[in-house]
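# Analysis of the macromolecular model
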Amino acid sequence: LTLLPGDCVVAAGMVSYAGPFNAEIRTECETHWLKELDKEGITHNEDCTTRSVLGEPVKIQQWVVYTLPNDALSIENAIIIDQSRRWPLMIDPQRQANKYIKNMGKDTET
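Looking now at the nonpolar core. Nonpolar side chains tend to gather and get buried jointly when the protein is soluble and globular. Grouped together as the largest cluster of nonpolar side chains are eight residues: I60, W63, Y66, L68, I75, A78, I79 and Y100. Elements represented by at least two residues in this core include exactly α4 (57-65) and α5 (72-83). In terms of residue count, the dominant contributor to this core is α5 (three residues). For L68, the contacting residues outside a window of four places in its chain are W63, S74, I75, A78 and Y100. One finds V10, A18, L37 and C48 within the second-largest nonpolar core, a separate group that totals six residues.

This part covers the packing of helix α1 (residues 4-17) against helix α2 (residues 23-40). Where α1 contacts α2, the axes come no closer than 10 Å and their chain directions differ by 150°. Considered as vectors, α1 and α2 are oriented roughly antiparallel to each other. Handedness of the crossing formed by α1 with α2: right-handed. Across the interface between the two elements, G6, V9, V10, G13 and M14 of α1 pack against R26, C29, E30, W33, L34 and L37 of α2. Of the residues in the contact of α1 with α2, the class split is seven nonpolar, two polar and two charged.

Scanning the entire structure with this criterion turns up zero disulfides. Not part of a disulfide, C8 finds its nearest cysteine sulfur in C48, a span of 8.6 Å. Residue C8 is classed as partly exposed on the basis of its relative accessible area, which comes to 39%. Overall, C48 belongs to the buried group, its relative accessible area being 2%.

What follows covers the pattern of salt bridges. Scanning all chains against the criterion turns up four salt bridges. Between E36 and K39 there is a salt bridge, with its nearest N and O atoms 3.4 Å apart. Of this pair, E36 and K39 both sit in helix α2, three residues apart, roughly one helical turn. According to the relative accessible area criterion, E36 is partly exposed, its value standing at 29%. The salt bridge involving E56 is made with K59; its shortest N-O contact spans 3.8 Å. According to the relative accessible area criterion, E56 is partly exposed, its value standing at 42%. Residues joined by salt bridges that share partners form a network here, namely E56, K59 and D82.

Cut-offs used in this document
Residue indices begin from 1 for each chain and proceed along its sequence in written order. In view of the model being predicted, local features appear only for residues whose pLDDT reaches at least 70, and side-chain atom pairs are presented and counted only at 80 or more, with totals across whole chains, interfaces and linings using the full set of residues. Working from all heavy atoms in the structure, the side-chain values ignore hydrogens and water. For this analysis, a nonpolar core means a set of buried residues of the types Ala, Val, Leu, Ile, Met, Phe, Trp, Tyr and Cys, connected via side-chain atoms within 4.5 Å. Note on exposure labels: buried denotes an accessible area under 20% of the residue type's maximum, exposed denotes more than 50%, and partly exposed covers the range between, all computed with a 1.4 Å probe on protein chains only. Helix and strand assignments follow DSSP, with helices taken as H or I runs no shorter than four residues and strands as E runs no shorter than two, numbered in order from the N terminus. Note on contacts: a residue pair qualifies if any of its non-hydrogen atoms lie within 4.5 Å across the two residues. What counts as an axis is a line fitted to C-alpha atoms, over the stretch in contact for a helix, and the angles between N-to-C directions run from 0 to 180 degrees. Here is the rule for angles: anything less than 35 degrees is roughly parallel, anything more than 145 is roughly antiparallel, 65 through 115 is roughly perpendicular, and the remaining ranges are oblique. Handedness of each helix crossing follows the sense of rotation of the near helix against the far helix: counterclockwise by less than a right angle gives left-handed, clockwise gives right-handed. Only Asp, Glu, Lys and Arg are considered charged, only Ala, Val, Leu, Ile, Met, Phe, Trp, Tyr, Cys and Pro nonpolar, and every remaining residue, Gly among them, polar. We call a pair of cysteine sulfur atoms a disulfide whenever their separation is within 2.5 Å. Every case where a carboxyl oxygen of Asp or Glu lies within 4 Å of a side-chain nitrogen of Lys or Arg is listed as a salt bridge.

Rendered as structure tokens:
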């Protein structure tokens, strides 16, 4: 429990602010926030990432079954979508997100 506040700061920052950015900038944000936590004396897990804090392995595997690409950026995007209260704007030139969302919605009863 002593590591929870620092992990939550990083996870909340990623969900709130990192969505529009590419993988390189997201990694820079996580690294910067972890350095700031260390500077302020706030404890956190050494391997603190969006996926390690908010990711649920079973849910992530289900997303991959629904055709979500199994790369770190796509999984982070899915975590952000899953944890957000509002509908995201998805810029999807390859139509991967569109296909994934449609496959995910097939199991939903209307």
